[in-house]
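Chain by chain, the residues:
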Amino acid sequence: IALHQRLNDKNAIALAFNVLGVNYSHENRLDSSLFYYKQAQAYFAETKDVANEGMTLINIANDYVKLHDDKSALVYYKQAESLLGNSDQKEYLANLYYNFAATHQRTSDIGLAAEYVQKALSIALEIDSQNDLKNGYRLLAKVDSARGDFRSAWFGGRLSLIHISE
């Protein structure tokens with residue numbers, strides 16, 4: 001990081017901070033990961049790297065989820081959505097919508113959870129991502145079950161199994 005700072009390579013600095021955030025997050029050292037992610041996010045914003053800034057915001061939100069702070073997580077997911085919503089970063093956007101849906105489900109906002117899982121599935125179909133489809137149908141089954149729609153939950157579960165085998 002020091003070399004990149006001397007060279008004033010802000011994008012490289014952001015990437016280095018992001019790697020530190022990822023490593024600390026994997027070690028469950030969330031105070032440190034949040035610190036480095038926020039440093040990375042500021043540099044990505046300064047360099048106008050929308051894709052990496054959006055993914056870093058998702059990482060920050062995911063760490064707040066690990067801390068059981070869904071309210072803070074939703075704030076960062078919303079910031080990521082405002083950045084990525086009109087971008088061509090479909091994979092990141094699908095990931096964001098799945099995380100949004102899961103967090104809304106945990107906070108018992110089933111209507112928004114269903115809305116976001118549908119958005120995520122739509123993108124997964126558009127980009128033909130079998131893994132995202134599998135995860136989306138699994139999450140949709142949970143959301144449908146929480147709504148008391150057990151028939152749809154059963155079908156969503158079956159669809160996720162179909163995508164596991166592919």
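1. With respect to the pattern of salt bridges
Per the counting criterion, the structure on display carries eight salt bridges. The salt bridge involving Asp70 is made with Arg106; its shortest N-O contact spans 3.1 Å. Linking Asp70 in helix H5 (residues 70-84) with Arg106 in helix H6 (residues 90-106), this pair joins segments that are 36 residues apart in sequence. Its relative accessible area of 15% is what places Asp70 among the buried residues. In this structure, Glu115 engages Lys119 in a salt bridge whose closest nitrogen and oxygen atoms are separated by 3.7 Å. Highlighted residues: Glu115 and Lys119, both in helix H7 (residues 110-127), separated by four residues, approximately one helical turn.

2. Focus: H6
Between its first and last C-alpha, H6 extends 24 Å over 17 residues, near the 24 Å set by a 1.5 Å rise per residue. Restricting attention to buried positions, one finds in H6 the residues Leu93, Ala94, Leu96, Tyr97, Tyr98, Asn99, Phe100, Ala101, Thr103 and His104. Those residues of H6 hidden inside the fold are in contact with helix H4 (50-66), H5, H7 and helix H8 (130-146). The positive-phi residue at the C-terminal boundary of H6 is Ser108, with phi of around 65°.

3. Describing the packing of H5 against H6
For the pair H5 and H6, the least separation of the axes is 10 Å and the interaxial angle reads 155°. Between H5 and H6, the crossing angle belongs to the class labelled roughly antiparallel. Crossing of H5 over H6 shows left-handed handedness. Across from Asp70, Leu74, Tyr77, Lys78, Ala80, Glu81 and Leu84 in H5, the residues of H6 making contact are Tyr92, Leu93, Leu96, Tyr97, Asn99, Phe100, Thr103, His104 and Arg106. The residue inventory of the contact of H5 with H6, partitioned by class, reads nine nonpolar, three polar and four charged.

4. Let's talk about the confidence of the model for the chain
On average, residues of the chain score 85 in pLDDT, and 84% of them reach the 70 mark or higher. Within the chain, helix H9 (residues 150-165) has the poorest average pLDDT of any element, 55, and helix H3 (residues 30-46) the best, 97.

5. What about the environment of Leu139?
Position of Leu139 among the secondary structure elements: in helix H8. Given the relative accessible area of 10%, Leu139 is considered buried. Linking Leu139 and Tyr98, residues 41 residues apart in sequence, is a C-alpha distance of 7.8 Å.

6. Observations regarding the side chain of Ser25
By the secondary structure assignment, Ser25 is in helix H2 (residues 10-26). A polar atom in the side chain of Ser25 sits 2.8 Å from the side chain of Lys66. With residues near it in sequence (within four places) discarded, Ser25 still touches Leu30, Ser33, Tyr37, Asp63 and Lys66.

7. Focus: the nonpolar core
The biggest cluster of nonpolar side chains holds 35 residues, and the ones touching the most others in it are Ile58, Ile60, Tyr77, Leu96, Tyr97, Tyr98 and Phe100. Take this core: its biggest share by element is nine residues, from H7. Those residues in contact with Ile60, other than ones at most four positions away along the chain, are Leu34, Tyr37, Lys38, Gln41 and Tyr76.

8. Points about the packing of H4 against H5
With their axes 8 Å apart at the nearest point, H4 and H5 run at an angle of 165° to one another. Between H4 and H5, the angle is such that the two are roughly antiparallel. Crossing of H4 against H5: the hand is left-handed. Where H4 abuts H5, its residues Val50, Ala51, Glu53, Gly54, Leu57, Ile58, Ile60, Ala61, Asn62, Tyr64 and Val65 lie against Asp70, Ser72, Ala73, Tyr76, Tyr77, Gln79, Ala80, Leu83 and Leu84. Of the residues that constitute the contact of H4 with H5, the class distribution is 14 nonpolar, four polar and two charged.

About the criteria used
- Every residue gets a number counted from 1 within its own chain, in the order that chain's sequence is written.
- For a predicted model such as this one, the threshold for reporting local features is a pLDDT of at least 70, and the threshold for listing and counting side-chain atom pairs is 80 or more; totals across whole chains, interfaces and linings nevertheless cover every residue.
- Calculation of side-chain values draws on the structure's entire complement of heavy atoms; hydrogens and water are dropped beforehand.
- Put simply, a salt bridge is a Lys or Arg side-chain nitrogen that is within 4 Å of an Asp or Glu carboxyl oxygen.
- The helix count covers DSSP runs of H or I at least four residues long, the strand count covers runs of E at least two residues long, and both are numbered beginning at the N terminus.
- Burial classes follow relative accessibility: with a 1.4 Å probe on protein chains only, a residue under 20% of its type's maximum area counts as buried, one over 50% as exposed, and anything between as partly exposed.
- Expected helix span is computed as 1.5 Å times (number of residues minus one).
- Note on contacts: a residue pair is in contact if any heavy atoms of the two residues lie within 4.5 Å.
- Angular values range over 0 to 180 degrees, each being the angle between N-to-C directions of two axes fitted as lines to C-alpha atoms, with helices fitted over their stretch in contact.
- Our angle categories are set so that under 35 degrees counts as roughly parallel, over 145 as roughly antiparallel, 65 to 115 as roughly perpendicular, and the remainder as oblique.
- Should the near helix be turned anticlockwise from the far one by less than a right angle, the crossing is termed left-handed; should it be turned clockwise, right-handed.
- Residue classes follow a fixed rule: Ala, Val, Leu, Ile, Met, Phe, Trp, Tyr, Cys and Pro count as nonpolar, while Asp, Glu, Lys and Arg count as charged, and any other residue, Gly among them, counts as polar.
- The predictor reports its confidence for every residue as pLDDT, a score running from 0 up to 100.
- Side-chain atoms alone can form a polar contact between residues adjacent in sequence; in general such a contact is a pair of N or O atoms within 3.5 Å, and within protein one must be able to donate a hydrogen while the other accepts it.
- Put simply, buried Ala, Val, Leu, Ile, Met, Phe, Trp, Tyr and Cys residues joined by side-chain atoms within 4.5 Å make one nonpolar core.

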